[in-house]
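# Report on the structure
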Amino acid sequence: VERGPLWLVCISRSGDAYQDMVRLLERVHSQIVTLLTAGIERTLQNRPNYDMRKIMDGTDAVVNSLIRWCTQDMCLQVDGLEPLPLPPAARSAATDALRSARVPNVL
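Residues numbered from 1 in each chain as written. Predicted model: local features only at pLDDT ≥ 70, side-chain atom pairs only at ≥ 80, totals over all residues. Heavy atoms only, no water.

### Here's the deal with the overall build of the protein chain
Helices and strands together make up the secondary structure of the protein chain, namely six helices and two strands. In the protein chain, the succession of helices and strands from N to C terminus is β-β-α-α-α-α-α-α. Here the protein chain, with 107 residues, has 20% of them falling under the buried criterion. Restricting to contacts in the protein chain with at least 6 residues of sequence separation, those with at least 24 account for 51%. (Helix = DSSP H or I, 4+ residues; strand = E, 2+ residues; numbered from the N terminus. Buried < 20%, exposed > 50% of the residue type's maximum accessible area, 1.4 Å probe, protein only. Contact = heavy atoms within 4.5 Å.)

### Re the layout of surface pockets
Estimated volume of the largest pocket: approximately 540 Å³. Around the largest pocket, the lining is made up of 27 residues, and of these Leu8, Val9, Leu25, Val28 and Ile67 lie nearest the centre. Where the lining of the largest pocket is concerned, the elements lending two or more residues are strand E2 (6–7), helix H1 (18–35) and helix H4 (60–72). For the lining of the largest pocket, the class distribution of residues is 19 nonpolar, five polar and three charged. (1 Å grid on protein atoms, 1.4 Å probe; cavity = no way out; pocket = protein on both sides within 12 Å on 5 of 7 lines; lining within 4 Å. Points joined across faces, edges and corners; volume = space filled by probe spheres on them. Nonpolar A, V, L, I, M, F, W, Y, C, P; charged D, E, K, R; others polar.)

### Focus on the nonpolar core
The nonpolar side chains of a soluble globular protein tend to be buried with one another. Core analysis: the largest hydrophobic core is formed by 15 residues, its most contacted members being Val28, Ile32, Leu36 and Met52. Contributing elements (two or more residues each) for this core: H1, helix H2 (39–46) and H4. Looking at this core, the element that brings in the most residues is H1, giving five residues. (Core = buried A, V, L, I, M, F, W, Y, C linked by side-chain atoms within 4.5 Å.)

### A word on the packing of H1 against H4
Two elements in contact, H1 and H4, have axes separated by 10 Å at closest approach and are oriented at 150°. Classed by the angle they form, the pair H1 and H4 counts as roughly antiparallel. For the element pair H1 and H4, the recorded crossing hand is right-handed. Each of Leu24, Arg27, Val28, Gln31, Ile32 and Leu35 in H1 lies in contact with H4, whose residues at this interface are Val62, Val63, Leu66, Ile67 and Cys70. Class assignment for the residues of the contact of H1 with H4 results in nine nonpolar, one polar and one charged. (Axes fitted to C-alpha atoms, helices over the stretch in contact; angles between N-to-C directions. Parallel < 35°, antiparallel > 145°, perpendicular 65-115°, else oblique. Left-handed = near helix turned anticlockwise from the far one by under 90°.)

### Observations concerning the pattern of salt bridges
Between side chains of opposite charge, pairing is possible as soon as their charged atoms come close. Within this structure, the stated rule accounts for two salt bridges. Linking Glu26 and Arg3 is a salt bridge whose minimum nitrogen-to-oxygen distance equals 2.6 Å. Taken together, the residues span a long stretch of sequence, with Glu26 in helix H1 and Arg3 in strand E1 (residues 2–3) at a distance of 23 residues. Glu26 sits in the partly exposed class, given a relative accessible area of 32%. Note that Arg23 and Asp20 form a salt bridge whose closest N and O atoms lie 3.4 Å from each other. Taken together, the residues span about one helical turn, with Arg23 and Asp20 both in helix H1 at a distance of three residues. Looking at Arg23, the relative accessible area reads 22%, which means it is partly exposed. (Salt bridge = Lys/Arg side-chain N within 4 Å of Asp/Glu carboxyl O.)

Shown next as structure tokens:
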């Protein structure tokens, strides 16, 4: 995945789908951008051979944790939302609201 001056590459041993790998790399890119200053993109554009290893030192655990989390969390894998527990009264109110807005003959 190419994002400006950054190129992210991954190899999967488990036969992951291309789109899943792209989604993972996009999340890793977002994490890297939040860890680094905004000026790093300018630096990389001006000096494409700049070695980022020094400024990335110590971020391995964060990025590796993100990758593990993305590969183990089913909601992230399918771009879903994790359901949150609701008290019974709130669940009933939400169910009633959805039922009242229901359009006939539509699933």
